[in-house]
Amino acid sequence: MTATILVTGGAGYIGSHTCVELLQKDYDVIVLDNLSNSSPEALRRVEKITGKSVTFVEGDVRDRNILRELFGRYTFDSVIHFAGLKAVGESCQIPLDYYDNNVSGTVILAQEMAAHGVFNLVFSSSATVYGDPASLPIREDFPLSATNPYGRSKLIIEEILGDLYKSDNRWNVALLRYFNPAGAHKSGLIGEDPNDIPNNLMPYISQVAIGLREKLSIFGSDYPTEDGTGVRDYIHVVDLAKGHACAIEKLRTGCGLKAWNLGVGNGHSVLQMVAAFEKASEKPVPYQLVERRPGDIAACWADPALAKQDLNWVAEKGLTEIMADAWRWQSTNPKGYRD
Ligand code: NAD
Ligand code: UD1
């Protein structure tokens with residue numbers, strides 16, 4: 001049976017890769033995106049990869065009129081909610097924009113879903129909700145905290161959705177806590193395309209290797225890790241996208257509300273990431289060691305056992321594939337979708 005999925009923020013980095021997986025599983029996909037951090041070209045390329053069409057609606061998830069129109073026109077099986085702002089530093093400058101976009105956007109979306117009898121929701125949460133974990137690997141039942149407005153917006157949304165589920169158990173909600181998404185589709189047609197100077201490690205390394213930036217600043221070399229640099233759980237974006245397709249299937253069984261970590265289950269340091277990228281790209285990645293970035297933690301990686309048990313999902317791709325795919329995307333699209 002084909003089912004129709006509404007994907008908010010579907011033109012973005014993780015959203016576009018998820019659209020590919022959904023279309024390949026024969027779902028019909030409707031994307032709602034205001035293009036504040038993406039290009040419609042991403043969706044044209046999704047269509048090229050899959051040979052299937054995506055219905056794209058340009059608009060804001062906070063716009064009730066658009067939502068009513070969409071829910072009136074289509075019968076959605078589920079909604080995957082990626083739409084949101086995600087830059088930690090920016091969230092400290094303009095916190096109200098973050099709460100408005102992320103929190104209000106989710107509240108309005110959930111209201112319109114309920115009003116139209118759609119109760120299956122996959123929400124993009126983040127490992128940032130674990131704050132600075134007391135031990136590793138991180139399990140879903142670890143204490144939650146936030147250190148910046150972006151992280152707090154994710155935590156608040158998780159709590160709001162928890163309250164919603166308690167009030168009405170028709171809801172099925174997957175809180176997917178992503179670790180560090182990286183890499184690109186193997187076709188080289190879609191990938192991460194930051195608008196501005198990248199905040200995150202992987203797009204920054206890629207832009208240094210292609211010559212757009214002079215050198216990488218490594219934030220901190222005195223962490224209590226193997227080589228002193230920060231350690232993270234880098235997960236291939238295609239594995240992450242597949243996790244969403246598994247979550248949709250789970251929601252359809254009537255699972256209630258539950259959080260799942262989507263991570264590989266092991267960590268790599270910044271220096272290991274640089275070395276792996278240099279190997280894949282055969283390009284040097286010059287770097288300097290600088291002060292720690294405020295708010296960063298030393299190390300973070302997932303215990304992904306629950307997702308394996310409940311969603312039948314495991315990350316299959318390792319660092320070599322992440323780097324090869326990231327480089328293919330960057331080297332064939334040096335200026336992202338603007339090329
Ligand atoms: P992205 O910026 O590439 O994608 C987000 C998309 O949402 C963009 O296409 C943007 O134009 C759209 N959007 C933003 N606000 C909107 C609104 N009000 N209405 C409609 N569309 C809107 O980011 P991404 O990396 O693909 O992240 C997707 C989701 O996953 C976000 O919610 C993000 O917070 C979360 N997340 C991302 C990471 C990461 O490292 N990339 C990690 C953890 C969680
Ligand atoms: C960051 C956010 C997190 C968010 C995630 C995905 C912070 C404090 N955390 O996670 O809330 O969910 O992105 O958007 O911003 N690094 C460098 N040089 C760089 C960039 C990064 O050395 O130019 C290091 C960092 O110190 C860290 C690692 O690389 O050790 C990964 O950083 P990044 O990609 O920004 O992700 P996180 O900090 O894990």
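What you are looking at is a predicted structure, and each value in this text was computed from that prediction instead of being measured.

Draft legend 1. Main features of the pattern of salt bridges. With the rule as written, the count across this model stands at 22 salt bridges. Here R139 ties to D141 by a salt bridge, and the two come within 3.1 Å at their closest N and O atoms. One salt bridge in this structure joins R170 and D168, with 2.9 Å as the shortest N-O distance. Since its relative accessible area comes to 52%, R170 is described here as exposed.

Draft legend 2. Local environment of helix α5 (residues 95–115). Between the first and last C-alpha of α5 there are 29 Å, a value that for 21 residues agrees with the 30 Å anticipated at 1.5 Å per step. Of all bends in α5, the biggest is about 25°, found at S104. Within α5 the residues assigned to the buried category are Y98, N101, N102, V103, G105, T106, I108, L109, A110, E112 and M113. Residues of α5 that are buried make contact with β1 (4–8), α3 (64–73), β4 (76–81), α4 (88–93), β5 (120–126) and α6 (149–167). Looking at the residues trailing α5, positive phi occurs at G117, about 75°.

Draft legend 3. Region of the structure containing the site of ligand 1. The full set close to ligand 1 counts 27 residues, and I14, D33, N37, S38 and N101 are the nearest of them. F82 places a main-chain nitrogen or oxygen 2.8 Å from an oxygen atom of ligand 1. Between ligand 1 and Y150 there is a distance of 2.9 Å, counted from an oxygen atom to a side-chain nitrogen or oxygen. In isolation ligand 1 has 820 Å² of accessible area, and contact with the protein removes 95% of it. Among the elements that take part in the shell around ligand 1, β5 stands out by supplying three residues, more than any other. Residue composition of the shell around ligand 1, by class: ten nonpolar, twelve polar and five charged.

Draft legend 4. Broad picture of the side chain of T8. When you line up the elements, T8 lands in strand β1. Within the structure, T8 has its side chain in polar contact with the side chain of H81 (distance 2.7 Å). Setting aside its immediate chain neighbours within four residues, T8 contacts L32, V61, V79, I80, H81, F82, A83 and L109.

Conventions we followed
- Residues numbered from 1 in each chain as written.
- Chains lettered and ligands numbered in written order.
- Predicted model: local features only at pLDDT ≥ 70, side-chain atom pairs only at ≥ 80, totals over all residues.
- Heavy atoms only, no water.
- Salt bridge = Lys/Arg side-chain N within 4 Å of Asp/Glu carboxyl O.
- Buried < 20%, exposed > 50% of the residue type's maximum accessible area, 1.4 Å probe, protein only.
- Helix = DSSP H or I, 4+ residues; strand = E, 2+ residues; numbered from the N terminus.
- Expected span 1.5 Å × (residues − 1).
- Bend = angle between axes of the 7 residues up to and from the residue.
- Contact = heavy atoms within 4.5 Å.
- Near = heavy atom within 4 Å.
- Polar contact = N/O pair within 3.5 Å; in protein donor to acceptor, adjacent residues only side chain to side chain.
- Areas by Shrake-Rupley, 256 points an atom, 1.4 Å probe, with all protein chains shown as cover.
- Nonpolar A, V, L, I, M, F, W, Y, C, P; charged D, E, K, R; others polar.

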